[in-house]
Amino acid sequence: MAPIIKTESLVRDFDNLRAVDNLNLDVEERTIFGFLGPNGAGKTTTINILCTLLRPTSGRAFINGYDCVKDAHRVRSSIGIVFQDTTLDKDLTAYENLLFHSYLYGLGREEAKKRIEELLIFMDLYDRKDEPVKRFSGGMKRRLEVARGLMHYPRVLFLDEPTLGLDPQSRAGLWEHILRLPESHNVTVFMTTHYMDEAEVCNRVAIIDHGRIIAEGAPDELKRMVGGDVVYLKAKDNKMARQILKERISAEIEVRDGEIFVHGVKGDVCIPEIIRILGEQVLSVRLQRPTLNDVFLKLTGRQIREGSPEDEFKESIRAYRRRFDRA
Amino acid sequence: MIELRVVYVIVMRELIKFFREKGRLVSTLARPIIWLFFVGMGMSRLVPQDITGTDYMRFLFPGILGMTILFSAIFSSISIIWDKEFGFLKEILVAPVSRFSIVLGKALSGTLLSTIQAMLIMIVSPLIGIYPEIGQIAGCLMVIILLSFSISALGIVIASFYESLESFSMIMNFIVMPMFFLSGAMYPLKKLPVLLKYAATLNPLTYGIDGLRHILIPYGILDFSFYLDISILIVSSAAFLFFSTYIFQRGH
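Residues numbered from 1 in each chain as written. Chains lettered and ligands numbered in written order. Predicted model: local features only at pLDDT ≥ 70, side-chain atom pairs only at ≥ 80, totals over all residues.

A look at helix α8 (residues 167–181) of chain B
Note that an α-helix has 3.6 residues per turn; residues three or four places apart therefore point the same way. Quick reminder of the rule: Per the convention used, a helix needs a DSSP run of H or I reaching at least four residues, while a strand needs a run of E reaching at least two, with both numbered from the N terminus. Working rule for helices: expected span equals 1.5 Å times residues minus one. A residue's bend is simply the angle between two axes: one fitted to the seven residues ending at it, one to the seven starting at it.
With 15 residues, α8(B) extends 20 Å between its outermost C-alpha atoms, agreeing within 8% with the 21 Å of an ideal straight helix rising 1.5 Å per residue. Considering bend angle alone, the principal kink of α8(B) is centred on Asn173(B) and spans about 30°.

This is the structure in C-alpha cells:
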C-alpha cells in the first residue's frame with residue numbers, strides 16, 4: 001500500500017537557519033505517527049509544509065498522493081489540522097465553529113448537521129454545543145478542535161503538540177479519543193510532541209533533531225537500540241549473588257549502591273531466570289525499561305526536554321493562554 | 001474563482017462578533033463624535049468661512065465620516081496580522097478555498113462594518129446644520145460603500161506585509177495618521193503646500209471625502225470632480241483587491 005504521507009529530501013531554510021534538513025518520511029495509512037523532538041527541532045515547520053502553509057526550499061512532499069505544492073487544493077481537502085495555538089473562534093459557540101468549518105469545506109447542510117452531531121457526541125461535547133467556546137476548559141477546546149479537524153472526512157489529521165498546556169487529566173481524556181481515531185474515523189494521525197509518554201503509544205515514531213530525522217521505528221524497536229532493559233535486584237549477599245549470576249547469564253552485571261544491576265536484557269525473561277538461579281537469596285527485584293528519552297539521550301547526548309529558558313517562557317505563556325484564553 | 005460560501009463564512013463571522021461585542025461599537029463611534037465636536041468647535045472659531053466655503057463644522061463633517069471609515073476599515077483588515085499567526089485565518093488558509101475568496105470576504109466584512117458605523121454617524125448631521133434628503137443619503141451610502149471597500153482592501157495589502165503585532169503602532173503612526181491628515185478631512189487641499197498636496201492625491205481617502213462633500217455640501221470648497229472621485233475609488237478598490245490576492249497567493 002502506498003504511504004499516505006511521503007516526503008522526499010524535504011528542505012526548508014529560514015534566512016541562515018536550516019529548519020528542515022533532507023527529511024524523508026513514509027507514513028502508513030490508518031496509523032498514529034509520532035514526530036518527536038525538542039522545541040525548535042523543525043516539527044512545526046514540517047507540519048506547515050505538509051499543510052501547504054509553507055513552501056519547501058527544495059524536495060517534495062505528498063499527501064494522499066497529491067503534491068503539497070502543485071496540488072495544494074487537493075491536499076487541503078485531504079487533511080484536517082489542530083494547530084499548536086487554538087484557532088477556534090471564542091465568541092462563537094461550539095456548534096457555530098463546526099458549522100462555519102463545514103461551509104468552508106463545502107459540506108451540504110443536512111450532511112453537516114449529521115456530522116456535527118456525530119462528532120460532538122464522539123468527543124463528549126454534545127451537551128455543551130450551544131455555549132460560546134470562551135467558556136470551555138482547555139481540554140474541551142482541544143477536543144472541539146479535533147472534532148472540527150475531522151468534519152470533512154480527512155484522510156490525515158495533523159495534531160501539533162495537541163496536549164501542550166493541558167493538565168494531566170485533560171491530556172488523558174484527549175488521548176483516549178485520539179487513540180480510537182484510526183479505527184473509528186478511518187484517518188491517519190500525524191502528531192508532534194515532546195512528551196515521551198505520548199510518543200510511546202504511537203504506532204511509529206520519528207525522532208527529529210536540528211531538522212534531521214535521527215531515528216525512526218516502532219517505539220519498542222527504538223528502545224531496543226538503547227540495549228534492552230535493566231534489572232535491579234537486592235540479594236542477601238550481593239557480591240556472591242553477582243558471582244553466581246555472572247557464570248549463568250551473559251550480561252553486564254555490576255554492584256552499585258547496594259544493588260545489583262543487570263544491563264541489557266529482556267526483563268520479562270530475565271527476572272524469572274534470576275529467581276530460578278538465586279532462589280531464596282533474592283530480597284527484591286525491580287525492572288527499568290528504557291524510555292524514548294533514553295533513545296534521544298543516546299543519540300544526541302542531550303535530554304529531550306532541555307529547553308532554553310526562552311522556550312520554557314513561551315510554553316508557560318501558551319499554557320496560560322490555553323487555560324484562560326487570551327487568544 | 002469566487003466561492004460564495006467562503007465569503008459568507010468570513011462576513012457572517014465578523015458580523016456576529018461585532019454585534020456580540022457591544023463595547024467595541026461604542027468606542028469606535030465615540031472617536032469620530034469627539035473629533036467632530038471638540039476639534040470642530042474649537043477650529044470653527046479660527047477658520048474663516050471663505051477658506052472652507054461654509055461653516056467649519058459642516059466642512060469637517062464629511063471628513064469625520066471618512067475618518068470613521070478609515071479607522072474601522074483599517075482595523076478590520078489588519079486584524080489579519082494576528083489572525084494569521086494565532087487565529088481563525090489559519091483555519092481558513094488550510095481549507096481548500098481560493099485565496100481570492102478569502103481576500104474578498106475579508107474586504108467585504110471590513111466594508112460592511114465601516115458602512116454601518118459611518119451611517120450611524122450620519123444620524124448626528126442635523127446637529128451641525130446638515131439636513132440630508134433621501135437622495136443625498138443614498139448618494140452618501142454609495143460613496144461610503146466604495147470608500148470602505150477601497151480602504152479595507154488597502155488594509156489587507158498593508159497587513160500582508162507585516163508579521164507581528166508590534167507593527168501595529170508603526171502602521172498607526174506612519175500610515176493611518178498621515179492618511180487622515182493628508183486627506184482634506186480637516187482642511188481643503190487647495191491650501192496645502194505643493195508637496196503635501198501631491199501626497200494627498202495618492203490617498204484614496206481624499207477622493208472619498210471629496211465625494212461626500214459633493215453630495216452633502218455642494219456649496220462648499222471642492223477639490224475634484226465627482227466623477228473623478230468615484231472613478232478613483234472604483235479603480236483603487238480593484239487594484240488593492242487584486243494586489244492583496246497576489247501577495248496572499250505568493251506568500252503561502
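And the narrative resumes.
Concerning the sheet that holds strand β1 (residues 5–14) of chain A
Residues and elements named next belong to chain A. As a reminder, the rule being used: Any two strands with at least two DSSP bridges between them are considered paired.
Strand order in this open sheet of four strands is β2-β1-β4-β5, and the pairing throughout is antiparallel. Looking along the sheet, the strands with just one partner apiece sit at the ends: β2 (17–27) and β5 (66–67). With two bridges joining them, strand β4 (residues 58–63) and β5 adopt antiparallel strand pairing. Of the residues in β5, the one forming a bridge with Ile63 is Tyr66.

Digging into the packing of helix α5 (residues 138–150) of chain A against helix α6 (residues 168–185) of chain A
Residues and elements named next belong to chain A. Here is the rule we go by: Axis geometry follows a simple rule: fit a line to the C-alpha atoms, using only the stretch in contact for helices, then measure angles between N-to-C directions, giving values from 0 to 180 degrees. When describing relative orientation, an angle under 35 degrees is termed roughly parallel and one over 145 degrees roughly antiparallel, while 65 to 115 degrees is termed roughly perpendicular and anything else oblique. What makes a crossing left-handed is the near helix being turned counterclockwise from the far one by less than a right angle; a clockwise turn instead makes it right-handed. Contacts are defined on C-beta atoms placed from the backbone: any two residues whose C-beta positions lie within 7 Å are in contact. Throughout, the ten residues Ala, Val, Leu, Ile, Met, Phe, Trp, Tyr, Cys and Pro are labelled nonpolar, Asp, Glu, Lys and Arg are labelled charged, and all others, Gly among them, are labelled polar.
Remark: α5 packs on α6, axes separated minimally by 9 Å, with the N-to-C direction vectors making an angle of 15°. What the angle tells us is that α5 and α6 run roughly parallel. Crossing handedness for the pair α5 and α6: right-handed. Within the contact between the two elements, α5 uses Gly138, Gly139, Arg142, Arg143, Val146 and Leu150 and α6 uses Ser170, Gly173, Leu174, His177 and His185. Residue composition of the contact of α5 with α6, by class: three nonpolar, six polar and two charged.

Structural notes on the interface of chain A and chain B
Contacts between the two partners involve 19 residues from chain A, matched on the other side by 20 residues from chain B. Counted by class, the side of chain A that touches chain B contains ten nonpolar, five polar and four charged residues.

Observations concerning the environment of Lys197(B)
Residue and element names in this part refer to chain B. The following threshold applies: A residue is called partly exposed when the number of other C-beta atoms within 10 Å of its own lies between 12 and 20, exposed at 12 or fewer, and buried at 20 or more, with C-beta atoms placed from the backbone.
Within the fold, Lys197 resides in helix α9 (residues 194–201). The class of Lys197 is partly exposed, set by 16 C-beta atoms lying within 10 Å. Distance in space between the C-alpha atoms of Lys197 and Gln117 is 28 Å, their sequence separation being 80 residues. Setting aside its immediate chain neighbours within four residues, Lys197 contacts Leu189 and Leu192.

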